[in-house]
Amino acid sequence: MRIQKFEVVESTNDLARKYILEGNKEPAAFVAEHQTRGKGRLGRVWEDEPGKSLLVSFALPGSTYSNPPLLGLATAVFVGEYLDLLPVPWETKWPNDVLIEGKKVAGILPEGIWQDGLVGVVVGVGLNVNQDEFPDDTEATSIKHAFGQALPVEQPLMYLIYRMEQVYEQIVDFTEILATFKDKFKSMGKKLRVRSNDQVWEGTAVDIEEDGSLILNMEGKLVTLGWGEVTLR
């Protein structure tokens, strides 16, 4: 996998998207020490402390990734696998956040890239490795806070590159990945409020389907949501 590193960029996802649209066929990782317009979910800006977070976007060219959101769930599990190596306990938050003790340590943003059909997928990862400062309006943490010491940002990067190469080579068992995500999803069986497509849905989380969609039980009616922002009700 090609690795391109930058000190400051607007958005690594933008670089990865451009790379795919230029017709490149080899997977690549775009890494920055700081982003000025890092992309979070639902149009938010991902805040980072320069040099202390892993900010990487993976460009995976090709038309074989039929479900970019499922790849987002998988990437959350990959981050969790790295935390297991330390070890640091973790959990997932649908659709693709990673939490430590209920606080967000990583966010993933998958994007399908289309040009007369699907031509690739970009997966952006923001992982708080050694970050000490967080926005006042967020419940966030870092690996450093949980592990008790600073770690090389290269360490989780190399693990994610290893797993993303497996995705590109189509040797990842997504059934097993989904099972792990569901096992680590501590809000299963709880009442949730989900904002999706400018609508708000309230119900009990009962399952996550094979394509990564969340199923809510709304007073006996099952609703399937492919994307959204989840809060406990």
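Residues numbered from 1 in each chain as written. Predicted model: local features only at pLDDT ≥ 70, side-chain atom pairs only at ≥ 80, totals over all residues. Heavy atoms only, no water.

A. Just the packing of helix 2 (residues 68-85) against helix 5 (residues 174-184), in detail. The contact between helix 2 and helix 5 brings their axes to 9 Å, and the two run at 70 degrees. The orientation of helix 2 relative to helix 5 falls into the category roughly perpendicular. Our pair here, helix 2 against helix 5, has a crossing hand that is left-handed. In this structure, helix 2 contributes L70, L71, L73, A74, A76, V77, F78 and E81 to the contact, and helix 5 contributes F174, I177, L178, T180 and F181. (Axes fitted to C-alpha atoms, helices over the stretch in contact; angles between N-to-C directions. Helix = DSSP H or I, 4+ residues; strand = E, 2+ residues; numbered from the N terminus. Parallel < 35°, antiparallel > 145°, perpendicular 65-115°, else oblique. Left-handed = near helix turned anticlockwise from the far one by under 90°. Contact = heavy atoms within 4.5 Å.)

B. A look at the pattern of salt bridges. Counted under the stated rule, the structure contains 11 salt bridges. Salt-bridge contacts for R17 lead to E111; the nearest nitrogen and oxygen are separated by 2.8 Å. Here R17 is found in helix 1 (residues 12-21), whereas its partner E111 is found in strand 6 (residues 103-114), with 94 residues between them in sequence. Judged by its relative accessible area of 21%, R17 is partly exposed. A network of salt bridges, in which partner residues are shared, links D14, R17 and E111. (Salt bridge = Lys/Arg side-chain N within 4 Å of Asp/Glu carboxyl O. Buried < 20%, exposed > 50% of the residue type's maximum accessible area, 1.4 Å probe, protein only.)

C. Region of the structure containing the packing of aromatic side chains. Per the counting criterion, the structure on display carries three aromatic pairs. Ring geometry for Y19 against F30: centres 5.4 Å apart, planes inclined by 70 degrees, an arrangement best described as edge-to-face. Of the two residues, Y19 sits in helix 1 while F30 sits in strand 2 (residues 28-35), which places them 11 residues apart along the sequence. Comparing Y19 with F30, the two get one shared label, buried. The positively charged end of K184 is found above the aromatic ring belonging to W90, 4.8 Å away from the centroid. (Phe/Tyr/Trp six-rings, centres within 6.5 Å; stacked < 30°, edge-to-face > 60°. Lys NZ or Arg CZ within 6 Å of the ring centre and 35° of its normal.)

D. Highlighting the nonpolar core. In this structure, L83, W94, V98, V125, L127 and L214 are the most contacted members of the largest nonpolar core, which totals 53 residues. Counting residues per element, this core draws most heavily on helix 2, which supplies nine residues. Filtering out sequence-adjacent residues up to four positions away, W94 remains in contact with F181, F185, V194, I208, G212, S213, L214, L225, G226, W227, G228 and V230. With eight residues, the next largest nonpolar core counts A16, Y19, I20 and A28 among its residues. (Core = buried A, V, L, I, M, F, W, Y, C linked by side-chain atoms within 4.5 Å.)

E. Quick look at the sheet that holds strand 11 (residues 221-225). Taken in spatial order, the five strands make up an open sheet running 11-10-9-8-12, and their pairing is antiparallel. Two strands close off the open sheet at either side, each with one partner strand: strand 11 and strand 12 (229-232). Direction aside, the axes of adjacent strands within the sheet are offset by 45 degrees on average. (Pairing = 2+ DSSP bridges.)

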